[in-house]
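# Structural overview
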Amino acid sequence: MTSTSSVTSTSSEASTSGVERTSSVHGTGKRFAVLAATAIAAALVLSGCSSDSGDLAKQYGNGTTQNYISGDGAVTEVSAEDRRDPVTFRAEDANGDTVSSEDLRGKVVVLNFWYASCPPCRAEAKYLNQVHDAYADSDDVAFIGVNVRDEAATAAAFERTFGVEYPTVLDQRTGTMQLALSGQIAPNAVPATIVLDTKGRVAARVLGAIDGTSILKTLVSDELDAGKAS
């Protein structure tokens, strides 16, 4: 794949310390799982569109006052032989419908992590919509938004404003979707877009806003082709 964004191929990548700590949450009880999920949500937001004082100080030093920090759009692709175990999750979307990894097996899945007041999330919405629309008639691709901060009304207002038609999981309370990526190549900023292959494994990540449709279309089409060939 060729693009103007920086592309990194990797066989492994350390996740944030908050995510690593939650990888042993199985067996510790629901209470600790909820606490871990809350910590992940907070860490994810702080590492993305946030108000971290150190990074913001650099912005002011450079003459900018955007008041958020986000990824730079860098793309990480994982070769098929280096992909980890399938991501597993089961959650309800904002309409009360179940979204589960089991039901999505065999599809290429695009997970977009966002929240309404994040400026890059607003900027990339039209490109996500365009790629989603390109596969709207296909049963082989699924898009899922993962809102990491907002309540239902705020998320719904964003979706109406920007014409988002794919389902969104409100993940701010449980962190279910973020926990699912524990030990994987995680969404360490907001926005972030994760592409799962047809086996449910993390195939690629775009860390930061998607600036156009070509990169995401290529990532999705590559996994579709690989799925058909396997």
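### As for the side chain of Ser100
- Assignment of secondary structure puts Ser100 in strand E4 (residues 98-100).
- In this structure the side chain of Ser100 is engaged in a polar contact, spanning 3.1 Å, whose partner is the side chain of Asp103.
- With near-sequence residues (within four places) excluded, Ser100 lies in contact with Phe89 and Arg90.

### Details of helix H6 (residues 152-162)
- Where H6 is concerned, the buried positions are Ala155, Phe158 and Glu159. Angular distribution of buried residues about the axis of H6 spans 95°; they occupy a single face of the element. When the buried face of H6 is taken as reference, the exposed residues oriented beyond 90 degrees from it are Ala153, Arg160 and Thr161.
- The elements touched by buried residues of H6 are strand E5 (108-114), helix H5 (119-134), strand E6 (141-147) and strand E7 (168-170).
- Positive backbone phi, approximately 65°, marks Gly163, located one or two places after H6.

### Comments concerning the pairing of strand E9 (residues 202-207)
- With six of its six residues buried, E9 lies for the most part within the structure.
- By the bridge criterion, four bridges tie strand E2 (residues 74-77) to E9 in an arrangement that is antiparallel. Counted as the bridge partner of Thr76 is Arg205 from E9.
- The pairing of strand E8 (residues 192-196) with E9 spans five bridges and is antiparallel. Paired with Thr193 across the strands is Val206, a residue of E9.
- Linking E8 to E9, which pair antiparallel, is a turn of five residues; within it Gly200 sits at a positive phi near 85°.

### Considerations on the confidence of the model for the chain
- With 70% of its residues at a pLDDT of at least 70, the chain reaches an overall mean of 79.
- For residues 1-47, every residue scores under 50 in pLDDT, and the model assigns this stretch 75 contacts once sequence neighbours within four places are set aside.
- Under a pLDDT of 50 for its full length, residues 50-69 has, in the predicted model, 26 contacts with residues more than four places off or in other chains.

### A short note on the side chain of Glu223
- For Glu223, the position within the fold is in helix H8 (residues 214-229).
- By relative accessible area, Glu223 is classed as buried at 10%.
- One polar contact links Glu223 to Arg83, side chain to side chain, over a distance of 3.0 Å.
- Setting aside residues up to four positions removed in sequence, Glu223 forms contacts with Arg83, Val108, Val195, Asp197, Thr198 and Ala203.

### Describing the packing of aromatic side chains
- If you walk through the whole model with that rule in mind, you get three aromatic pairs.
- Between Phe143 and Tyr166, the aromatic rings sit 5.5 Å apart at their centres with planes inclined by 45°, giving tilted as the arrangement. Of this pair, Phe143 sits in strand E6 while Tyr166 sits in the loop between H6 and E7; the two residues are 23 residues apart in sequence, bridging distant segments of the chain.
- Geometrically, the ring pair formed by Phe158 and Phe162 is tilted, given 4.6 Å between the ring centres and 40° between the ring planes. Here Phe158 and its partner Phe162 are both found in helix H6, four residues apart, which amounts to about one turn of the helix.
- Residue classification places Phe158 among the buried positions, given a relative accessible area of 6%.
- Residue classification places Phe162 among the partly exposed residues on the basis of a relative accessible area of 25%.
- Feature note: the residues Trp114, Phe158 and Phe162 constitute an aromatic cluster, connected by ring pairs.
- Across the ring face of Tyr115, the terminal group of Arg149 is positioned such that the distance to the ring centre comes to 4.1 Å.

What counts, and where the lines are drawn
- Residues numbered from 1 in each chain as written.
- Predicted model: local features only at pLDDT ≥ 70, side-chain atom pairs only at ≥ 80, totals over all residues.
- Heavy atoms only, no water.
- Helix = DSSP H or I, 4+ residues; strand = E, 2+ residues; numbered from the N terminus.
- Polar contact = N/O pair within 3.5 Å; in protein donor to acceptor, adjacent residues only side chain to side chain.
- Contact = heavy atoms within 4.5 Å.
- Buried < 20%, exposed > 50% of the residue type's maximum accessible area, 1.4 Å probe, protein only.
- Arc of directions from axis to C-beta.
- Pairing = 2+ DSSP bridges.
- pLDDT = per-residue confidence, 0-100.
- Phe/Tyr/Trp six-rings, centres within 6.5 Å; stacked < 30°, edge-to-face > 60°.
- Lys NZ or Arg CZ within 6 Å of the ring centre and 35° of its normal.

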